[in-house]
Every structure is written in C-alpha cells, then in structure tokens.
Amino acid sequence: MKISRNTSLKSYNTFGIDVKAKSLISVNSIDELITVLKNNYYKDLFILGGGSNMLLTKDIDMNVVHIDIKGIEVIRETEDFVFVKANAGENWHQFVLYTLEQNWGGLENLSLIPGNVGTSPIQNIGAYGVELKDHFVSCNAIDIQSLEVVHFTAEECEFEYRNSIFKHKVKGKFIITSVVFKLKKTNHKLLTNYGAINEAIMDMGIINPGIRDVSNAVIKIRQQKLPDPKELGNSGSFFKNPVITTQEFEVLKMNFPEVPNYLVGNDSVKIPAGWLIDKAGLKGYREGDAGVHKNQALVLVNYGEATGEDILHLAKKVQGEILKKFQIKLEPEVNII
Ligand code: FAD
Ligand code: EPU
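Rules used throughout
- Residues numbered from 1 in each chain as written.
- Chains lettered and ligands numbered in written order.
- Predicted model: local features only at pLDDT ≥ 70, side-chain atom pairs only at ≥ 80, totals over all residues.
- Heavy atoms only, no water.
- Domains from an automatic or database assignment.
- Contact = heavy atoms within 4.5 Å.
- Buried area = accessible area lost by both parts, 1.4 Å probe.
- Salt bridge = Lys/Arg side-chain N within 4 Å of Asp/Glu carboxyl O.
- Polar contact = N/O pair within 3.5 Å; in protein donor to acceptor, adjacent residues only side chain to side chain.
- Near = heavy atom within 4 Å.
- Areas by Shrake-Rupley, 256 points an atom, 1.4 Å probe, with all protein chains shown as cover.
- Helix = DSSP H or I, 4+ residues; strand = E, 2+ residues; numbered from the N terminus.
- Nonpolar A, V, L, I, M, F, W, Y, C, P; charged D, E, K, R; others polar.
- Core = buried A, V, L, I, M, F, W, Y, C linked by side-chain atoms within 4.5 Å.
- Buried < 20%, exposed > 50% of the residue type's maximum accessible area, 1.4 Å probe, protein only.
- Arc of directions from axis to C-beta.
- Patch = residues over 30% accessible without salt bridge, like charges linked within 9 Å, V, L, I, M, F, W, Y side chains within 5 Å.
- Lys, Arg positive; Asp, Glu negative; His and termini not counted.
- Charge placed at Lys NZ, Arg CZ, Asp CG, Glu CD.

1. Considerations on the domain arrangement of the protein
Examined at the domain level, the protein breaks down into domain 1 (2-67), domain 2 (72-184) and domain 3 (233-336). In this structure, domain 1 and domain 3 have C-alpha centres spaced 29 Å apart. Listed per partner, the contact involves 11 residues of domain 1 and 18 residues of domain 3. Both sides of the domain 1 and domain 3 interface together cover about 1100 Å² of buried area, and 51% of this is carbon and sulfur. Looking only at domain 1, the three residues that lose the most surface to domain 3 are F15, N53 and L55, adding up to 58% of its buried area. Taken together, the connections running from domain 1 to domain 3 amount to 0 salt bridges. Taken together, domain 1 and domain 3 are joined by 6 residue pairs in polar contact (both at pLDDT 80 or more).

Written out as structure tokens, the structure reads:
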C-alpha cells in the first residue's frame, strides 16, 4: 500500500486537471482495500480508477483510494467458451489485448478504451456496436459500509446505454474489485459493420479478418478520431448521445433533414451529440485553455492549464446552445466531481 498526503491528481486524471487530494492511497490487494475501509469513515473516501471518466472541479478533501489490484484468472472453460476473471486495477486495453493473444473473442471492438477493468461496468462501456454487457457475466464488489463482498449478476447490474445500477440505485455504495467475462474460443463472430471498421480492414489489405484485425482496425479509427489524453487532456465523449421520442425526432428532422439518427426500440431515436454541437458551430470553439475538440465536437479538451471549473463553464455553454437551437438537453457522460 502506498500513501501520500496533499498530493496533486494531475497525472491521475486524463483531463490533466491539477487538483489536490487530502491523501492518495494506492491499494494492491483486497486485503489492503479492506484495511483502508476499516480505518476510514466511509463518507471520507473517493474511489479512483484510471481517472478517464471524471472532471475534477475542486480539491478533494477526502482520502482518494486508487484501486490498483491486478490479476487475471481463468475460472471455467467449456469447449467453446472461457470464463475469465480480471481484477479491478487491470488496465482495460491491456486486458483486451491479453484476451486477443489467447484467441478469445468478444472484446475486440472495445479496444483502446482508457480506464480500468473495475470501472468498465459502471457506465457499461461501449464502442463500435459492442457494449460491456454483451460479454459480462458478473462482478464482485465490496459494500463500503458493511465490508461484505457482494456478487452482482448481469441482470442485477441493470445495464443500459452508458448506465448501470452503480450510477443510480447503489451509487457510491460499492467498490468493484473484479469482473468475470464470457469469451468465445472458437468460431469467432466478427462485428465489422459499425462505423468504418470494414473500410479500415480493407485499407490494411486484409481479406479474411480475425479478431486481432478487428481490434487493429478499431485502434486505427480511434487514433484518427479521438485526441490522445497524453497529448491533449480529455475524458472522451463529454456528453451522452441524447435519446428523443419519434415525435420529437419528426420535428427535428423537419428543420434539419440531414440529422444522423439511430432507431432505439420502436419509439425512440438516438441523435449523435457530436453532430448537434458541430451543427451549432461550436466545433473548435475555445475559452482560454478549455475547448471543444476541432475534429470531434463531443470531446471537450484541456489545452494545458484549464481548471475543472473552466471545462465545466464550457460544458454549460454547450448545453445552453444545444437547448436553444434544438430543444434537446445534453446530459454529461463524464462524472463531475
Ligand atoms: P475513473 O475515471 O477512475 O472513475 C469513474 C467513476 O467510477 C468515478 O466516479 C469513480 O469514483 C468510480 N470508480 C472508479 N473505480 C471504481 C471501482 N473499482 N468501484 C466503484 N467505483 C469506481 N467510454 C466508453 O464507454 N466508450 C468509449 O469509447 C470511450 N472512449 C474514451 C476515449 C478517451 C480518449 C477517454 C479519455 C475516455 C473514453 N471513455 C469511453 C470513458 C472511459 O474510458 C470509461 O468510462 C472508463 O470505463 C473509465 O474508467 P476509469 O477507470 O478511468 O474510471
Ligand atoms: N459527428 C459530427 N461532428 C462531430 C462529431 C461527430 O457530425 O464533430 C457525427 C459523425 O459524423 C457521425 C456521428 O456524429 O455521424 C457519430 O460520431 P462518432 O461515430 O464519432 O461517434 P459518437 O457518437 O460521437 C460514440 C460514443 C463513443 C464511442 C463511439 C464509437 C457516446 C457518448 N460516445 O461517439 O464513446 O467510442 O461512438 O462507438 O456514446 C466515450 O464514451 O467516451 C466515447 C468516446
């Protein structure tokens, strides 16, 4: 266990926001985590994974517990499937690469998403037509108050688009310590129709793609589209893509016939927030060091010295403009602290 006091969190969040933590405690095992929980009043704890889905707007006058518990283990195998458990502190992308090296299929479309395995169920991470829930079996989490280990099945997690029980009913009450995935060992089913995956595979000159080719294609597309947090602070999509009713969509389409849209169920339509922000003329807009990314309007960026408040001010401006122009309320995807 590593403990440091009055520590800057700049290198612990991908926005690169320079705020301080009362203390930063890095835990490498469940035993260390339990020790910390026993010694700290539960309201005085703040949980940190890879820091890639948070906007820190002020110093954290709490004990920041950095979950750094590593380990990957096969817990069951059948002829066609493997059930693999990864501990919460494993880096998500490294874990995906590990599964692909074993020729286990399922997570390839989720390549290069930053953050840790333990955080992946919280917003049911998703990209390129796949969501975590498609391969999730269960997770273990520690109840911060009782210190009991609780097992959550996929159904109990109540997964939805960028949402789960950990974002509403039991928010802040559990620390996820491990996740179990069900992955395919044979006859991989490739999902290449989403976005430019097929095109990227063709560009690479591949005729019979496998799961690693799909991963490479996704990596290539993501590197072209999204800013690398090591070069430009950001937290990925700042807002969720809004879902509106088909009636609201008909009105929107009358005014903006070219609006991209995806039907969700029978009576809802998802609209890309990046398109709305772009259409509102805010792509590349900048207020000091806080900006709307010049290539992907859904990503807010820190050009260097922006504070969390600066980014939040910009986010509110974006929300205001979108409401005014399209009568659509954008909801943040990023956790604002
Ligand atoms: P953190 O930012 O550390 O934490 C997020 C929240 O979870 C915080 O409230 C924290 O307190 C809490 N938390 C952290 N760990 C635990 C735990 N073990 N138990 C309980 N609570 C915990 N997301 C997508 O879904 N799809 C994408 O394509 C995608 N692309 C991205 C691209 C970029 C460039 C970036 C920067 C981000 C992107 N994201 C994407 C968002 C982000 O990668 C995911 O949300 C990721 O799962 C966050 O993981 P983390 O460990 O960094 O979480
Ligand atoms: N668009 C614009 N202008 C922009 C940005 C996008 O017109 O500046 C349009 C695109 O042309 C396209 C549509 O919006 O028609 C969608 O854009 P894109 O394919 O880039 O995807 P997105 O909706 O912006 C979502 C996720 C991403 C995920 C990608 C790929 C959300 C909030 N975001 O982005 O997740 O990687 O799809 O599946 O659902 C994240 O959650 O942090 C994240 C990056």
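2. Re the site of ligand 1
Taken together, 31 residues form the shell around ligand 1, and within it I47, G50, S52, T119 and R222 come nearest. Protein coverage of the free-state accessible area of ligand 1, which is 990 Å², stands at 92%. Elements supplying a minimum of two residues to the shell around ligand 1: β3 (45-48), β8 (126-127), β12 (174-184) and β13 (233-237). When its residues are assigned to classes, the shell around ligand 1 shows 13 nonpolar, 16 polar and 2 charged.

3. Remarks on the nonpolar core
Counting 43 residues, the largest nonpolar core has F238, I277 and I311 as its most contacted members. Counting only elements with at least two residues in this core, the list comes to β2 (20-27), β3, β4 (54-55), β5 (60-67), α6 (246-255), α7 (273-279), β18 (290-292) and α8 (308-326). When residues in this core are grouped by element, the largest group, 7 residues, is from α8. Taken domain by domain, this core gets at least three of its residues from each of domain 1 (2-67) and domain 3 (233-336). Apart from residues lying up to four places away in sequence, F238 is in contact with F15, L55, L298, L300, I311, A315, P332, E333, V334 and I336.

4. Things to note about unusual backbone geometry
The backbone of N124 sits at a positive phi, close to 50°, despite the residue not being glycine. Within the secondary structure, N124 sits in the loop between α2 (92-101) and β8. Backbone geometry at Y128 places phi at a positive 50°, although glycine is not the residue there. Take Y128: it is sitting in the loop between β8 and β9 (130-131).

5. Observations concerning α2
Within the sequence span of α2, burial applies to W92, H93, F95, V96, T99 and L100. Looking down the long axis of α2, one finds its buried residues gathered within 160° of arc, a one-sided arrangement. Against the buried residues of α2 lie β6 (72-77), β7 (81-87), β12 and α5 (211-225). For α2, the side-chain oxygen to backbone nitrogen distance between the N-cap and H93 is 3.1 Å, and the N-cap itself is N91.

6. Brief notes about a negative patch on the surface
A surface patch of negative charge is lined by D18, D59, D61 and E305. Mapped onto the secondary structure, D59 falls in the loop between β4 and β5.

7. Let's talk about the site of ligand 2
Taken together, 22 residues lie near ligand 2, and Y128, Y161, D278, Q296 and E333 sit nearest. Take Y161: an N or O atom from its side chain is 2.7 Å from an oxygen atom of ligand 2. A distance of 2.9 Å is found between an oxygen atom of ligand 2 and a side-chain nitrogen or oxygen belonging to N241. Protein coverage of the free-state accessible area of ligand 2, which is 830 Å², stands at 80%. Among the secondary structure elements, those contributing two or more residues to the shell around ligand 2 are α5, β13 and α7. A breakdown of the residues in the shell around ligand 2 according to their chemical character gives 9 nonpolar, 6 polar and 7 charged. Three or more residues apiece are contributed to the shell around ligand 2 by two domains, here domain 2 (72-184) and domain 3 (233-336).

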